[in-house]
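Chain by chain, the residues:
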Amino acid sequence: MNRFRYVVVFILLVTTILIGNVYMNYSNENYLARNGVFDLSETDFYEKKIIQLKGQWEFYGNQFVSPQDITNKKLEPVYIHAPGNWNNVGGGHKESQYAYGTYRLMITNIPKQTYYGIIKNQIRNACKVYINGELIMEDGIPAKTMEKHQHGNILQMASCKIDGSSAEIIIHVSNYDHFSGGIIMPIYFGEQKVLVKEYIIRLFQEFFCLAILFIVGIIYLAFYILHKSLSEEASVSVFLSINCFSLGVHYALRSERFLLIIFPNLPMEINFKIIYIGAYVCILTTFFIINKIDKTFLPDKIKHIASLVNGVFILVILLTQQRFYDTVSNILLVLSSIVLFAVMIWILFLYIKGKHNKCGYEIHTILLFTLYSGNIYIVNSSLSRFGSGKHALLSFGSILAYVIFLILLFLCFYYEIYKENREMAVRLSKAYNHLEQTSEEARKKEIAFLQAQIKPHFLFNTLSVISSMITRKPTESKKMILNLSNYLRNNFDFDVNEELVPLKDEVNLVHLYIEIEKARFGKRMEFILDCSEIPASHIPRLTIQPLVENALRHGILKRSQGGKVILEIKENGDSVVIRVIDNGIGISQGKIHMLLDDSSEVSGVGIKNINKRLTTCFGKGLMIFSEPNIETCVMIEIPVTRGRKND
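Overview of the structure.

Conventions adopted
Residues numbered from 1 in each chain as written. Predicted model: local features only at pLDDT ≥ 70, side-chain atom pairs only at ≥ 80, totals over all residues. Heavy atoms only, no water. Helix = DSSP H or I, 4+ residues; strand = E, 2+ residues; numbered from the N terminus. Contact = heavy atoms within 4.5 Å. Areas by Shrake-Rupley, 256 points an atom, 1.4 Å probe, with all protein chains shown as cover. Pairing = 2+ DSSP bridges. Axes fitted to C-alpha atoms, helices over the stretch in contact; angles between N-to-C directions. Phe/Tyr/Trp six-rings, centres within 6.5 Å; stacked < 30°, edge-to-face > 60°. Buried < 20%, exposed > 50% of the residue type's maximum accessible area, 1.4 Å probe, protein only.

Turning to the overall build of the protein chain, a few remarks are in order. Along the protein chain, the regular secondary structure elements total 17 helices and 21 strands. Across the protein chain, every contact between residues at least 6 apart in sequence was considered, and the portion connecting residues at least 24 apart equals 76%. Roughly 30,800 Å² of accessible area belongs to the protein chain as shown, and the carbon and sulfur atoms make up 59% of that amount.

Moving on to the sheet that holds strand E21 (residues 631–639). Strand order in the open sheet formed by five strands is E16-E18-E19-E21-E20, and the pairing between neighbours is mixed. Strand pairing shows two members of the sheet lacking a second neighbour, strand E16 (525–530) and strand E20 (623–627), which therefore form its edges. Here the average twist between neighbouring strands, direction ignored, is 15°. Relative to E21, E20 runs antiparallel, the two sharing five bridges. Its bridge partner lying in E21, Phe 625 is registered against Cys 633.

By the secondary structure assignment, Thr 365 is in helix H10 (residues 361–385). Sequence-distant contacts of Thr 365, that is, excluding residues within four places in its chain, are made with Val 8 and Tyr 351.

Attention shifts here to the packing of aromatic side chains. Two numbers describe a pair of aromatic rings. These are the distance of the centres and the angle of the planes. Under the defined criterion, the tally for this structure stands at 14 aromatic pairs. The interplanar angle of 55° and the centroid separation of 5.1 Å between the aromatic rings of Phe 59 and Tyr 103 together place this pair among those described as tilted. Of this pair, Phe 59 sits in strand E4 (residues 55–61) while Tyr 103 is found in strand E6 (residues 100–108), placing the two residues 44 residues apart along the sequence. Given the relative accessible area of 1%, Phe 59 is considered buried.

This part takes up unusual backbone geometry. For the bond running from Ala 82 to Pro 83, omega is 5°, close enough to zero to count as cis. Across the junction of Arg 124 and Asn 125, the peptide omega takes the value -10°, indicating a cis bond. When you line up the elements, Asn 125 lands in the loop between strand E8 (123–124) and strand E9 (126–131). Its identity is not glycine, yet Asn 132 carries a phi of approximately 55°, on the positive side. Summarising the element assignment, Asn 132 is placed in the loop between E9 and strand E10 (134–139).

That's the geometry; what it means functionally is another story.
Here you go:
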């Protein structure tokens, strides 16, 4: 086991190095465009037919220029790296000094192919794209004033005819919505049929991830609705469901912005609110999931602080404008991400030490990989947010890995719950078998052990009910076990030489029994206690409850619609008359005679036991009256205990 832990840590370390290397190569790749010129002969474009237009673009800040303006006015550009935001151009400012501008790039040595095109992802937040002076793409309305500006910024593809070996790309961009603007993600240039394939793949990747997130979220939610009886444990599936939904919405508006393709008129203000809230809810529910799995990983105090901070800021986002919450949200997102990363490191430390209190070893391992893939996505998205580019494959891969590990985490967590319930059922089954064996010896005893005949008889039925419900209805089973424990506490603590107990104790036992049976039979049974005040009298232990049990099981529950059982207790002079009445199927006169005849071989140890003890104690046993399918009444008459405290 120790060796496997070190293997897991080694895998995480190697994966981190590989991802870092991929991203560094992606970010530090030699800029292919130099001084606004992109020479395809220096690339592998002739082989792959598609390329990212990364490098130094010409940039004209706060100007919309045309090819004629550049030629006639001899404008001097600055050179800006794309992808990247334009905030740092000209010395750098906390807020961009540009609201709009023009990007220009010359592509040279284009192979002789008639139709070429581009794929545009994130250009914040409105743009027009020209190739050789022809408008081929318009996303929103770029403008010199905020009033005329209309946001866009969705994934688009366009193609055009290029006759020569060079092409001039001019992009007009305006941004009044976001704290950073410009070409945020790479623009693809290539042959038309290759671009179409790339476009479809990117849309499919996003749709695939979104479909998995929402399907898994629905499964988690359905599981919670169908298994509310798991109470505390089932709440984990609620947080898993919310986590999937919030991450799905966030991803759909942050990556290829699939939702904006479906809802192109979604206001930018609402778009940003959904993105931010999705991110905060996702991080918040992650904290709750970790806490529910094992409080050693994330104590309640830290969870409450994270909930309060994130909850307050979600309200701020809902109630205020973007310009107010935008800058602060960046800080809070970074802090939340740092906390989540620190939690992952803490869980990794506990993993190396082999410490996991509540959760099992498998859950600990999967939780570690889940947080790891989630942190990869957060880092990748954060770099994109600040205009540093984003690796699309890492984004897709990390989301896919995150969902897969969430599914495995869900399966392992509830397998542990199932295993605990199964072990409890096995223990109860063993206890049932043991009681069944010991009851054979108890039945051979006389009056001092006749009570022991009744106790296993009742326990067998009760444990049978609990055993049948333990995996289907854990909450009800827990309540039944508590009722049973109260029964055992009150009933087993007795002096074997003391045959009589207060009548009120017997009535209390009946109530405990009824609560246990109600958990199983519900509305099929109705119980009524007809007694204004329990008389001061004593009765042999476990006399009334078995009669009520017989009325239920052999009377009303033999009918599909169930029925009613009445326990009537009346004081009549020096006697107390107790009647157990039911409207079940009834008993024939011949069977009544056999039930009360000790010499008969008919089953019914409970009735014979009670009748024998009553006869021994009071000289008078049970009286049974029955009219089949109408009413059955079992009557007991015992003396009032004068001068004796009914406690």
